[in-house]
Amino acid sequence: MRIAPSNLMRTLLSFTLPLITHRVACAAPIELSCQSRDPATGRIALTVERVEPAHVGVVVVDVWNFHWCKTATMRVDAFVPRMNKALDAARSLGMTVMLCPSDVVDNYVGYPQREKVLALPKFPVPDVVDVTCPSVPDAGGCACGRERCAVNYGWDGMHPELRIGDEDLMPDTREEVYALCKTRGLTHLIYAGFHTQVCLLGKSMGLKAMKSAGLRCLLARDMTDAHPGYDPARGFTPDLNTAQVIEHFEKYLAPTISFQEELAKLGKWNPEWVVDPVRITPWGARMRPHLFEQPITVTLTTPLQADAEIRYTLDGSKPAANSTLYSEPLVFKDSARLLAAAFRQGRPVCLESEGVFVRMGPQPPAPDVYLGDLKPIRSVGFGHSYGGVVRYSGNTQAPQPDHSNLGQPLRINRQTYPRGMGMHAPCELVYELKPEWRRFVGLAGADENVVNASNGSNLAKYPSVVFKVFIDGSEAAASPVMRVQEQAWRFDVTIPAGARIISLAVTDAGDGSREDFADWANAGFVVN
Ligand SMILES: [Zn+2]
């Protein structure tokens, strides 16, 4: 990267003027310890940057509520407690916090943080720094290992627990960030957010664009995560990927700071705070479990807590300082619920994290008697009964034989099925059992027609259902939480002799029923 001297001078002048006119009282300068690297040798160089907090903007990019990769979703979630502490401290120092959710910024219409930005005067944005560098290490984007995420689940907002400050701002473009810098006299931008080498770097309000406009840009290396990848066979983890990307930034793009260390120097970060969950890769959660068939390798890390001891349990008990010590990746052959925490000299230094891994059973046989050919004694869907008439909610209808609830082909995980029942949760089908029916068999999953629109980017995050089979009122089998793009859950349930009634229930998984279209496919009864 090169800086043309005349342009640099122009930029300095352009930032000096508003600095004087708009910020009369400024806090004392702070000294940021900036880390960069020699592009050839990788050797670290430390420099000190003096700046008044009032001239600093913190640009927080794409802290979304959801992502198409479930491990990436959980890794963003893992940063939120740290970000909340750090951004509160930045606000209290008088820094300008900019929350930039890019793709979904329009879901913040009416927020004063957004409206204030729309009302800013326009300034021509100069191009004063040529920002070029070799291509950034890109790991490919899904950190789930062999069971790769394939469908765009979309996102529709920032993480629900990311605090939005009253004085924060939500710019979306290079022009908007520049206008904020001009009107507030900001000279330095500290970047944080996701994913480091994609949005945080390349979006319109990203580091590259603002650096080229002459702003002094820094990367908070403890508040960012790269677009992850995971290949345990060669020891490649999302944390390693992030470390490589940060190193690339330090060599070619921008110095980094440890936000935590800077705040600690200023008495704004309490070293006793425990804010980082142990990272789990791949990271299935209760509401989005990791389904697998072949044994999986699970890696635990504490990228921001060097030399912490990771302890874990697999029996549901709370991990403690004397729980099993994690020393190498774990191989799970069967379903597991992992709880992990980390300690230093017996003191917890990480928040507890949970990983949910569910092993699929064997493929069931095709039924002899298909559900679609039977008359249920009870068939209820998502509706409201009055006077014996069900009024189905929204565009849903009663369970449909051999079609999705909306009349499309039954479709689970990119496969269509000619036979089955198309439902919308909460719903239930009840059948009287015949003595010759020995097993209930079938596949079950979230109906995937939702991805027809825009590859799912607006709706695919919503479907979440649990399938349950009751025989004479007792639960005989249940799926984990099922979402779009997951392999169909496999039911093969023995029917005890003398059993009278079977109920096939689909619940909303406890998180509301929006878009909870669900399919039973190839489902029915095996006759002896
Ligand atoms: Zn993934």
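Within every chain, residues take consecutive numbers counted from 1 along the sequence as written. In keeping with the model being predicted, local features are shown solely for residues with a pLDDT of at least 70 and side-chain atom pairs are shown and tallied solely at 80 or more, while totals for entire chains, interfaces and linings include all residues. Where side-chain values are given, they derive from all heavy atoms of the structure, hydrogens and water being excluded.

Draft legend 1. The overall build of the chain, seen in detail. Each helix and strand counted, the chain has eight helices and 33 strands in total. Summarising its shape, the C-alpha atoms of the chain cover approximately 90 × 50 × 40 Å along the three principal directions. Within the chain, the proportion of its 528 residues that are buried is 55%. The criterion used for residue contact is that any of the two residues' heavy atoms lie within 4.5 Å. Taking as baseline every contact in the chain between residues at least 6 positions apart, the subset at least 24 positions apart corresponds to 77%. The Shrake-Rupley method, run with a 1.4 Å probe sphere, supplies the accessible areas, and residue values consider only the shown protein chains as cover. Carbon and sulfur atoms form 52% of the exposed surface of the chain, whose accessible area is close to 22200 Å². In this tally Asp and Glu are treated as negative and Lys and Arg as positive; neither His nor the chain ends contributes. To locate a charge, take NZ of a lysine, CZ of an arginine, CG of an aspartate or CD of a glutamate. Side-chain charges of the chain comprise 54 positive and 57 negative groups, with the mean position of each set lying 3 Å from the other. Segments assigned H or I by DSSP are reported as helices when at least four residues long, segments assigned E as strands when at least two residues long, and all are numbered from the N terminus. Throughout this description, buried means an accessible area under 20% of the type-specific maximum (1.4 Å probe, protein chains only), exposed means over 50%, and partly exposed covers the range between.

Draft legend 2. Here's a closer look at the coordination of the zinc ion. Donors, by definition, are the N, O and S atoms found within 2.8 Å of a metal, the threshold being 3.2 Å for Na, K and Ca, and water is not counted, so a site can look incomplete. Surrounding the zinc ion are the protein donor atoms Cys69 (SG), Cys142 (SG), Cys144 (SG) and Cys149 (SG), at 2.3 to 2.5 Å. Written as a sequence motif, the donor arrangement for the zinc ion is C-x72-C-x1-C-x4-C. Each member of the pair, cysteine 142 together with cysteine 149, is buried.

Draft legend 3. Main features of the pattern of salt bridges. Whenever Lys or Arg places a side-chain nitrogen within 4 Å of a carboxyl oxygen from Asp or Glu, that contact is recorded as a salt bridge. Applying the stated rule across the entire model yields 30 salt bridges. With a shortest N-O distance of 2.7 Å, lysine 203 and aspartate 103 are connected by a salt bridge. Highlighted residues: lysine 203 in the loop between helix H5 (199-202) and helix H6 (207-212) and aspartate 103 in the loop between strand S5 (96-100) and helix H3 (112-118), separated in sequence by 100 residues. Overlapping salt bridges, with partners in common, bring together Asp88, Arg91, Arg163 and Asp168 in one network.

Draft legend 4. Here's a closer look at the sheet that holds strand S27 (residues 427-432). At least two bridges found by DSSP between two strands is the condition for calling them paired. A sheet is described by the order of its strands in space; here five strands give the open sequence S20-S27-S32-S29-S30, paired in antiparallel fashion. Of all the strands in the sheet, just strand S20 (378-380) and strand S30 (474-478) have a single pairing partner and so form its edges. Across the sheet, the axes of successive neighbouring strands diverge by a mean angle of 20°, strand direction being ignored. In the sheet, S20 pairs with S27 via three bridges, with the strands oriented antiparallel. Bridging from a neighbouring strand, valine 380 pairs with glutamate 428 of S27. Structural elements are reduced to axes, namely lines fitted to C-alpha atoms, with helices fitted over the stretch in contact, and the angle between N-to-C directions of any two is expressed from 0 to 180 degrees.

Draft legend 5. Representation of the nonpolar core within the structure. By nonpolar core we mean a set of buried residues, namely Ala, Val, Leu, Ile, Met, Phe, Trp, Tyr and Cys, connected to one another through side-chain atoms within 4.5 Å. Counting 47 residues, the largest nonpolar core has Leu189 and Tyr191 as its most contacted members. Elements supplying a minimum of two residues to this core: strand S4 (56-61), S5, helix H4 (174-184), strand S7 (188-194), H5, H6, strand S8 (216-225) and helix H7 (238-253). Take this core: its biggest share by element is five residues, from H4. Setting aside residues up to four positions removed in sequence, tyrosine 191 forms contacts with Val59, Val61, Leu200, Met205, Gly206, Leu207, Met210, Cys217, Leu218, Leu219 and Ala220.

Draft legend 6. Structural view of the state of the cysteines. Here, two cysteine sulfur atoms that lie within 2.5 Å of each other are counted as a disulfide. Scanning all chains against the criterion turns up zero disulfides. Here cysteine 133 is not cross-linked by a disulfide; its sulfur's nearest cysteine counterpart is in cysteine 217, at 13 Å.

Draft legend 7. Representation of empty space enclosed by the protein in the model. Here a cavity denotes grid points, spaced 1 Å and computed from the protein atoms alone, that fit a 1.4 Å probe unable to get out, and a pocket denotes an open set having protein on both sides within 12 Å along at least 5 of 7 lines; residues with an atom within 4 Å of a point are the lining. Grid points are joined across faces, edges and corners, and a volume is the space filled by probe spheres set on the points. Scanning all chains against the criterion turns up two cavities of 30 Å³ or more. Considered as a void within the structure, the largest cavity measures approximately 60 Å³ in volume. Lining the largest cavity we find Asp62, Trp64, Asn65, Phe66, His67, Ala72, Thr73, Val76, Phe194 and His195. When grouped by side-chain class, the residues that make up the lining of the largest cavity number five nonpolar, four polar and one charged. The volume enclosed by the second largest cavity comes to roughly 40 Å³. Considering the residues around the second largest cavity, the lining is formed by Ile30, Leu32, Met95, Ile190, Ile257, Phe259, Glu262, Leu263 and Leu266. Where the lining of the second largest cavity is concerned, the elements lending two or more residues are strand S2 (30-37) and helix H8 (259-265). Throughout this entry, Asp, Glu, Lys and Arg are counted as charged residues, while Ala, Val, Leu, Ile, Met, Phe, Trp, Tyr, Cys and Pro are counted as nonpolar. The remaining residues, Gly among them, count as polar.

Draft legend 8. Representation of unusual backbone geometry in the model. The peptide bond linking phenylalanine 194 to histidine 195 adopts the cis configuration, its omega dihedral lying at -25°. One non-glycine residue, serine 454, lies in positive phi territory at about 55°. Among the structural elements, serine 454 can be located in the loop between strand S28 (437-446) and strand S29 (466-471). Phi angles above zero are rare outside glycine, and aspartate 472 is one such case at about 50°. Along the chain, aspartate 472 falls in the loop between S29 and S30.

Draft legend 9. Representation of the pairing of S30. Across four bridges, the pairing between S29 and S30 is antiparallel. Following the sheet pairing, lysine 468 is matched in S30 by alanine 478. Counting the residues in the hairpin turn of S29 and S30 gives two residues, including aspartate 472, whose phi is positive at 50°.

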